[in-house]
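Spelled out from the first residue to the last, the chains are:
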Amino acid sequence: MKIDFVALDAEADAVRAVAVLAFTEGALSPAAETLDAAANGSIKRAIVQGRFTGKAGQTLDLIAPAGVALARILVVGGGEADKFTPEAAEAFAASAFQALKTSGVETLDIMLTGLPAEAGAHAAFGARLASYRFDAYRTTEAEDKKPSITRLRVLCDDPKAAKKAYQPMDAVADGVFFTRDLVSEPANVLYPEEFARRVKKLEKLGLEVEILDEKEMKKLGMGSLLGVGQGSRRESQLAVIQWKGAKDADAPPIAFVGKGVCFDSGGISIKGAEGMEDMKWDMGGAGAVAGLMCALATRKAKANVVGILGLVENMPDGAAQRPGDIVTSMSGQTIEVINTDAEGRLVLADALWYCQDRFKPQFMVDLATLTGAIITSLGHDLAGLFSNNDDLSEKILAAGKAVSEPLWRMPMPAAYEKQIESLAADLKNIGGRAGGSITAALFIQKFVNGLPWAHLDIAGTVWRNPGVNAIAPSGATGYGVRLLDRLVKDNYEG
Ligand code: BES
Ligand code: MN
Ligand code: ZN
């Protein structure tokens, strides 16, 4: 979809459909007022007759109203006029796009004249995020289901300013799309080496990408990560991505670490058949970190950032790790693997240890689809946040709130560590059923060497069906990219 920013009267004849804003209590936006006057009051009439309240996301589609050269006018609710935040502008344009995407309309004009340029930029961002589709494997599709919108124009007072404000948002959208593509791919296509290849291609953005193979990881002593991939025909990989955007390229970086289990069958502790296909997106943490690095490089963020992805496939096989096996992690700590399905923490253990050992970062944040228990605790709208640092937690919670990717901080009571004590090794990889997300976090904490650290359990937020809202339609959400981009932007860019 091509996106342009134009002034109101440009190419008036080319307009096919326009989306205008109406707020609660019938208040029209300045652009809607103008259009209503030109259309002989048809917008106001329709609002009165259409049970339209102006609630955010509500739409009213007026086909070819008399008096204007338009195919349709779409009235979109924007909520309360005095609470029209940048996020509301995103939601407005995203709802407009969803309402008309298969309508036959080819050009959609988003009318935001009379509002700040910033609103125009956010509208473009929202519409672009809404336009995501994963259709790599679709060979036929009914005509009326095919998307028709190929061009989006944001009509605003200062198109130049809007375009400028949109530039970095376009970079973030690139990152979100990169993540959604990775998360959507099936595991027969996206296995660790293929994931690594796609990440390697990000070098064209100015990122430094190193890929460690099994031999190199063995030399480093990563017995915990390697044990997980041991039953797979696919080689495990560790991707190390660096962005040096700060004035001092040697200043200590900040670091993000992702769980990249390209398929989680459970291993010998095999999962049930129902819903196992979902485990193709058990690499959503690594996917988010990869998308974040893509966004940061594209918008040339002024920060030094490291991204580390632990890429494995967890499969049952004659060579697979058994329950009861004891592995030695890179940290030197030994782990008794009670359940081979608690594999994400085994991957993160070595990825986090490697990260702090090599980069001495200011802090580490890991993202992982780690536990089903976090879905039981928080449902699908909130990710779980676990951390040893209040300041870092506050910053992450604030960023999540700002971009509508919210989290809830969970406790990490030291007393629960009893649950992961092993009879035979330093640690075991599961506790009891109770508080499963917490014992998982306590396990990971053993591998951060005291550094400020946060763990985001995103098992409930990576994949949504039905979709979350107009911006994140069904399937891969790209959760985490906007959140972490905002964390970096608000706190670590000089
Ligand atoms: N990848 C799963 C967690 C998961 C479950 C993510 C559902 C998304 C949706 C993880 O590797 C896992 O299997 N966790 C187990 C841990 C248990 C064996 C202690 C779980 O949550 O059941
Ligand atoms: Mn598992
Ligand atoms: Zn898993």
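We now turn to the structure provided with this report. (Residues numbered from 1 in each chain as written. Chains lettered and ligands numbered in written order. Predicted model: local features only at pLDDT ≥ 70, side-chain atom pairs only at ≥ 80, totals over all residues. Heavy atoms only, no water.)

**With respect to the nonpolar core**
Counted only if it meets this: In this text, buried Ala, Val, Leu, Ile, Met, Phe, Trp, Tyr and Cys residues form a nonpolar core when linked through side-chain atoms within 4.5 Å. Three exposure classes are used, based on accessible area relative to the maximum for each residue type with a 1.4 Å probe and protein chains only: buried under 20%, partly exposed in between, and exposed over 50%. Any two residues whose heavy atoms approach within 4.5 Å at even a single point are treated as in contact.
Of all hydrophobic cores here, the largest spans 53 residues; its most connected members are F195, F256, L309, V365, I396 and L456. Apart from residues lying up to four places away in sequence, I396 is in contact with V365, L385, L407, A454, L456, L483 and L487.

**Examining the pattern of salt bridges**
Stated formally: Whenever a carboxyl oxygen of Asp or Glu lies within 4 Å of a side-chain nitrogen of Lys or Arg, that contact is scored as a salt bridge. Secondary structure counts use DSSP, requiring at least four H or I residues in a row for a helix and at least two E residues in a row for a strand, with both numbered from the N terminus.
Evaluated as defined, the whole model comprises 33 salt bridges. Here E194 makes a salt bridge to R197, at a shortest N to O gap of 3.1 Å. Of this pair, E194 and R197 both sit in helix 6 (residues 192-200), three residues apart, which is roughly one turn of the helix. R197 sits in the partly exposed class, given a relative accessible area of 42%. One salt bridge connects D390 with R409, and the closest N-O pair in it is separated by 2.9 Å. Taken together, the positions of D390 in helix 12 (residues 390-402) and R409 in strand 15 (residues 407-409) put the pair 19 residues apart, joining distant regions of the chain. Classification of D390 by relative accessible area gives exposed; the value is 52%.

**Description of the site of ligand 1**
For the record, the criterion: Being near a molecule or strand, for a residue, comes down to having at least one heavy atom within 4 Å of it. Polar contacts here mean pairs of N or O atoms no more than 3.5 Å apart (in protein, one a potential hydrogen donor and the other a potential acceptor; neighbouring residues in sequence count only if both atoms are side-chain atoms). We get accessible surface area from the Shrake-Rupley algorithm with a probe of 1.4 Å; when it comes to residues, only the shown protein chains can shield them.
Of all residues adjacent to ligand 1, which total 17 residues, the nearest are K271, D282, D341, E343 and G372. Between ligand 1 and D282 there is a distance of 2.8 Å, counted from a nitrogen atom to a side-chain nitrogen or oxygen. Within the backbone of G372, an N or O atom sits 2.7 Å from an oxygen atom of ligand 1. Calculation on ligand 1 without its partners gives an accessible area of 520 Å², and the protein chains cover 76% of this total.

**Section: the coordination of the manganese ion (ligand 2)**
Rules: Coordination here is defined by N, O and S atoms within 2.8 Å of the metal (3.2 Å for Na, K and Ca), and since water is not considered, a site can look incomplete. Metal sites are grouped by the angles between bound donors: all angles between 85 and 135 degrees with four donors is tetrahedral, opposite donors over 155 degrees apart with the others between 65 and 115 is square planar for four donors and octahedral for six, and any other pattern is irregular.
Coordination of the manganese ion (ligand 2) by the protein comes from D264 (OD), D341 (O), D341 (OD) and E343 (OE), over a distance range of 2.0 to 2.2 Å. Considering all six donor atoms around the manganese ion (ligand 2), angles at the metal cover 70 to 165 degrees and the coordination shape is irregular. In primary-sequence terms, the residues that donate to the manganese ion (ligand 2) follow D-x76-D-x1-E. The class of D341 is partly exposed, set by a relative accessible area of 21%.

**Observations concerning the packing of helix 9 (residues 284-298) against helix 14 (residues 481-491)**
The angle between the axes and the distance between the axes are what describe a pair of packed helices. To keep it simple, the criterion reads: Note on geometry: axes are C-alpha line fits, over the in-contact stretch for helices, and angles between N-to-C directions span 0 to 180 degrees. Here is the rule for angles: anything less than 35 degrees is roughly parallel, anything more than 145 is roughly antiparallel, 65 through 115 is roughly perpendicular, and the remaining ranges are oblique. Left-handed describes a crossing whose near helix is turned anticlockwise from the far helix through less than a right angle; right-handed describes the clockwise counterpart.
The geometry of helix 9 relative to helix 14 is characterised by a closest axis approach of 9 Å and an angle of 50 degrees between their N-to-C directions. By the criterion of interaxial angle, the relationship of helix 9 to helix 14 is oblique. Read as a crossing pair, helix 9 and helix 14 show a hand that is right-handed. Packed against helix 9, whose contacting residues are A288, G291, L292 and L296, the element helix 14 presents V481, L484, D485 and V488 at the interface.

**Here's the deal with the packing of aromatic side chains**
Here a ring pair, both rings aromatic, is described through the centre-centre distance and the interplanar angle of the planes. So the rule is basically this: Think of it this way: a Phe, Tyr or Trp ring, Trp meaning its six-membered ring, pairs with another when their centres are within 6.5 Å, and the plane angle makes it stacked under 30 degrees, edge-to-face over 60, tilted otherwise.
Counting across every chain of the model gives eight aromatic pairs. An angle of 80 degrees between the planes, with centres 6.1 Å apart, marks the rings of F256 and F363 as edge-to-face. Placement of the pair is F256 in strand 9 (residues 254-264) and F363 in the loop between helix 10 (344-359) and strand 13 (364-368), with a sequence separation of 107 residues. We classify F256 as buried; its relative accessible area is 0%. The interplanar angle of 5 degrees and the centroid separation of 6.3 Å between the aromatic rings of W281 and W463 together place this pair among those described as stacked. Here W281 is found in the loop between strand 9 and helix 9, whereas its partner W463 is found in strand 18 (residues 463-464), with 182 residues between them in sequence. The exposure class assigned to W463 is partly exposed, which follows from its relative accessible area of 21%.

**A look at empty space enclosed by the protein**
Heads up, the condition is: For cavity detection a 1 Å grid was placed over the protein atoms alone, and a set of points counts as a cavity when a 1.4 Å probe fits there but cannot get out; an open set counts as a pocket when protein lies on both sides within 12 Å along at least five of seven lines, with lining residues being those that have an atom within 4 Å of a point. Grid points are joined across faces, edges and corners, and a volume is the space filled by probe spheres set on the points. Basically, the charged four are Asp, Glu, Lys and Arg, the nonpolar ten are Ala, Val, Leu, Ile, Met, Phe, Trp, Tyr, Cys and Pro, and anything else, Gly included, counts as polar.
One pass over the structure, following the stated rule, counts one cavity of 30 Å³ or more. One number sums up the size of the largest cavity: a volume of about 30 Å³. Lining the largest cavity are G227, V228, G267, I268, N314, M315, A320, Q321 and T340. Grouping the amino acids of the lining of the largest cavity by side-chain chemistry returns four nonpolar, five polar and no charged.

**Notes on the side chain of S131**
Residue placement: S131 occurs in the loop between helix 4 (117-130) and strand 6 (151-155). Reaching out from S131, the side chain makes a polar contact with the backbone oxygen of R128 at a distance of 2.7 Å. For S131, the residues in contact, after removing those within four places along its chain, are M1, F97 and F177.

**Overview of the pairing of strand 2 (residues 17-22)**
Stated formally: DSSP calls a pair of strands paired once it identifies at least 2 bridges connecting them.
For strand 2, a buried count of six out of six residues is recorded, marking the element as mostly surrounded by other parts of the structure. Side chains A17, A19 and L21 project from strand 2 onto one buried face, and the interleaved V18, V20 and A22 project onto a second face that is buried too. Strand direction decides the pairing type here: strand 2 and strand 4 (residues 72-77), joined by six bridges, are parallel. Opposite A17, over in strand 4, you have R72 as the bridge partner. Here three bridges tie strand 2 to strand 5 (residues 107-111), and the two strands are oriented parallel to one another. In the sheet register, V18 faces strand 5, and the bridge partner there is D109.

**Focus on the sheet that holds strand 6**
Taken together, six strands build an open sheet; the order of strands is 1-6-5-2-4-3 and the sheet is mixed. Here the strands that pair on one side only, and so sit at the sheet edges, are strand 1 (2-6) and strand 3 (59-63). Each adjacent strand pair in this sheet contributes to an overall mean axis angle of 20 degrees, direction not counted.

**Here we look at the layout of surface pockets**
In this model, the largest pocket occupies a volume close to 890 Å³. Secondary structure elements with two or more residues in the lining of the largest pocket: strand 9, helix 11 (373-378), helix 13 (436-445) and strand 18. Broken down by element, the residue count for the lining of the largest pocket peaks at three residues, all from helix 11. In terms of residue class, the lining of the largest pocket is made up of eleven nonpolar, 14 polar and eleven charged.

**Observations regarding the coordination of the zinc ion (ligand 3)**
Perfect tetrahedral coordination of a metal by four donors corresponds to 109.5 degrees between them, and perfect octahedral coordination by six donors corresponds to 90 or 180 degrees. Around the zinc ion (ligand 3), the protein contributes the donor atoms K259 (NZ), D264 (OD), D282 (OD) and E343 (OE), which lie 2.0 to 2.4 Å from the metal centre. The site at the zinc ion (ligand 3) holds six donor atoms, and with the angles between them running 78 to 174 degrees, its shape is octahedral. On the primary sequence, the residues serving as donors to the zinc ion (ligand 3) are separated as K-x4-D-x17-D-x60-E. The two metals, the zinc ion (ligand 3) and the manganese ion (ligand 2), are separated by 3.2 Å and share D264 as a common coordinating residue. D264 shares its class with K259; the two are buried.

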